[in-house]
Amino acid sequence: MVRVGSRNILFLAFLTASTCLGGSAVAQNDKRSDSPASGSASPTQAPADDEVDPLKRAPSEKQKKQQKRALKTELTKQYKKWLDEDVVWIISDEERAAFKQLSNDEERDQFIEAFWQRRDPTPDTEENEYKEEHYQRIAYANEHFAAGIPGWKSDRGRIYIMYGKADEVESHPSGGTYQRPMEEGGGETSTFPFEQWRYRYLEGIGQEVIIEFVDTCMCGDYHMTMDRSEKDALLYTPNAGLTMWEQMGMASKASRFSGGGLERLGTGPLSSSQSTKQFDRLEQFAKLQAPPPVKFKDLEEIVNTKMIVNLMPFDVRADFVKVTSDTVLVPVTVQMKNRDITFVNKDGVQRGTVNIFGRVTTLTGRVVQTFEDTVQVDIPAELLPRTAENSSVYWKALPLRPGRYKFDVAVKDVNGDRKGSWSRGVVVPDFSDDKLATSTLIVADQMESVPSKNVGTGSFVIGTTKVRPRVAPSNGKPATFKKDKDQKLNFWMQVYNLGVDEKTHKPSATFEYQITNVATKKSVVQKMESTDQMSNVGEQVTLQKTIAAANLQPGVYKIEIKVNDNISKQTADPSATFAVE
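Before going into details, it helps to say that this report is about the structure given with it.

What counts and how
- Residues numbered from 1 in each chain as written.
- Predicted model: local features only at pLDDT ≥ 70, side-chain atom pairs only at ≥ 80, totals over all residues.
- Heavy atoms only, no water.
- Helix = DSSP H or I, 4+ residues; strand = E, 2+ residues; numbered from the N terminus.
- Buried < 20%, exposed > 50% of the residue type's maximum accessible area, 1.4 Å probe, protein only.
- Contact = heavy atoms within 4.5 Å.
- Disulfide = S-S within 2.5 Å.
- Core = buried A, V, L, I, M, F, W, Y, C linked by side-chain atoms within 4.5 Å.
- Axes fitted to C-alpha atoms, helices over the stretch in contact; angles between N-to-C directions.
- Parallel < 35°, antiparallel > 145°, perpendicular 65-115°, else oblique.
- Left-handed = near helix turned anticlockwise from the far one by under 90°.
- Nonpolar A, V, L, I, M, F, W, Y, C, P; charged D, E, K, R; others polar.
- Polar contact = N/O pair within 3.5 Å; in protein donor to acceptor, adjacent residues only side chain to side chain.
- 1 Å grid on protein atoms, 1.4 Å probe; cavity = no way out; pocket = protein on both sides within 12 Å on 5 of 7 lines; lining within 4 Å.
- Points joined across faces, edges and corners; volume = space filled by probe spheres on them.

## Observations regarding the overall build of the protein
What the protein contains, in helices and strands, is nine helices and 27 strands. In the protein, buried positions account for 39% of the 581 residues. Within the protein, counting contacts between residues at least 6 apart in sequence, those at least 24 apart form 62% of the total.

## A look at the state of the cysteines
One pass over the structure, following the stated rule, counts one disulfide. The disulfide that involves Cys217 links it to Cys219, with 1.9 Å between the sulfurs. On the S-S bond that ties Cys217 to Cys219, the torsion sits near -60°, and the link is left-handed. Looking at Cys217, the relative accessible area reads 42%, which means it is partly exposed.

## Quick notes on the nonpolar core
Ranked by size, the top nonpolar core spans 40 residues in total, and within it Phe407 and Val411 carry the most contacts. Secondary-structure elements contributing two or more residues to this core are β9 (327–337), β11 (349–362), β12 (367–380), β13 (391–400), β14 (403–413), β15 (418–428), β17 (442–449) and β21 (488–496). With five residues, the top contributor of residues to this core is β9. Core analysis: the second largest hydrophobic core is formed by 25 residues, Phe491, Val563, Ala576 and Phe578 among them.

## Let's talk about the side chain of Thr438
With respect to the helices and strands, the residue Thr438 is situated in strand β16 (residues 437–438). Beyond its immediate sequence surroundings of up to four residues, Thr438 is in contact with Phe431, Met493, Gln494, Val495, Tyr496, Ala572 and Pro574.

## Observations concerning the packing of helix α5 (residues 129–144) against helix α6 (residues 155–163)
Where α5 meets α6, the closest approach of the two axes is 9 Å, and the angle between their N-to-C directions is 160°. In terms of orientation, α5 and α6 fall into the roughly antiparallel class. Crossing handedness for the pair α5 and α6: right-handed. On α6, the residues touching His134, Arg137, Ile138, Tyr140, Ala141 and His144 of α5 are Arg156, Gly157, Tyr160, Ile161, Met162 and Tyr163. Classifying every residue of the contact of α5 with α6 gives seven nonpolar, three polar and two charged.

## Describing the side chain of Lys322
Examined against the element boundaries, Lys322 turns out to sit in strand β8 (residues 321–324). Note on Lys322: relative accessible area 16%, which makes it buried. For Lys322, the side chain forms a polar contact with the side chain of Asn497, separated by 3.3 Å. Apart from the residues within four sequence positions on either side, Lys322 is in contact with Thr327, Phe431, Asp433, Tyr496 and Asn497.

## Points about empty space enclosed by the protein
Under the counting rule described, the total for this entry stands at two cavities of 30 Å³ or more. Every residue lining the largest cavity is listed: Tyr178, Arg180, Glu184, Thr189, Thr191, Arg228, Ser229, Lys231, Asp232, Arg256, Arg264 and Leu265. A class-by-class count of the residues in the lining of the largest cavity yields two nonpolar, three polar and seven charged. Considered as a void within the structure, the second largest cavity measures approximately 50 Å³ in volume. Of all the secondary structure elements, the ones that give two or more residues to the lining of the second largest cavity are β11, β12 and β13. Partitioned by chemical class, the residues of the lining of the second largest cavity number eight nonpolar, one polar and no charged.

Following this line, the structure appears as structure tokens:
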């Protein structure tokens, strides 16, 4: 340490003052030398640097360079923030690498503009709904998930920014007593604070995705975990928080730490299935860290760019069937003519192969569902010419919430290398519990009951019935049936939210079926039935009717089903058109 006495301080102050005075004297001498007495003819004099306002003084070249360097640094921070904070969870590795290779700010600005344009669900409008929702998610994450770090940096913030609000959240903000489910070993324990987020579907990851976050530090910093035992606060406490089998003496808690594996849940009734699911959990955890892979990249390119050559025609139909008060089953049917599929001979059988890629997005561009399948059609070689006008049909059922969506479907004829796309806005109806409603009225070429073991599973199966829709062509014409003795016309529909009598606890409604010739306006089929004639009816009724196509003359027809609810006094009259030729 250096100590300075008061004398030394006075001496330093004197030296400083002397130096400043000496500098002023020199400046005054310079002024005198420029006076008229010394031979200068200039009547006015430019003020000295010391007399100019520092704010008005022109910067030197060195200062200009420093300012440019500071401005460049500031702009670099702006782009760095965009890359490492704003879009860190949604930008792909390829896009990140490309952005880092840009050499000037103009290119970076163009890249950022194109980045958002590629994700804009409605490029024809001024607003970019995807971008707006993305920054809203960041703001929400910062407000709700911050814990020593900004909310966007946390695991919950990252998942929320990438996938949006979960369909269901189970929250235990204080931890405490927890009754384990059987798949976790059963029994009672005490936990750290934790949350489970459930998504019905995440693209590239799967359906019924459950993500668990645990706050082991009790500080609000929830981290995503693969190990469901991590939330167990008594995990390392001997003889505490035992599973069902550990309580019964059928297992030892010490075995949790000697068995290996990803989780330390302990032995329970369903322990045998835990080891088989560990790889699934590991795979899911890995997929949640990275952009989901796409199976048919060429078909996704068609969906994204809408640029198609060598167009392949096909038709699409979407129906709506109520599952729960907030879930609607949306069966999507893709139909194409055999003549538009390229067949190749394989062991005496003509085989056509078609790849199908579908995607459902919200108005903000968030992907809700995707599906991709390879469909094969095998026809005996001798029958191929006669079946050219027949259709091949693909079916996929998607569970969705009520709301507006955008459906995109792309197909590829593998053998012929033809491609096609279809895009439509679709409104999934809200089957609320207080209003009479109906499912789509489906006109089907096949309708039959399925065995009890196949209820609710398999293509074209809705509940207990297999219903294969006949898809109308995209040119506006109705679905067509052949006037053939073996051809059946089938009609399927469900009615929801019928009123129930308070005394009998039964509904009271009538259903009138009417088929009208569109050209002549004459009714050709008319029939009525009521709930009194039906057995085991409640608030929901399924209507099924079949007639022979041979009984109708060639022409275009309209089927209308009028529903009259005698209790709620509500009506519904869905209709559909079809043609017989």
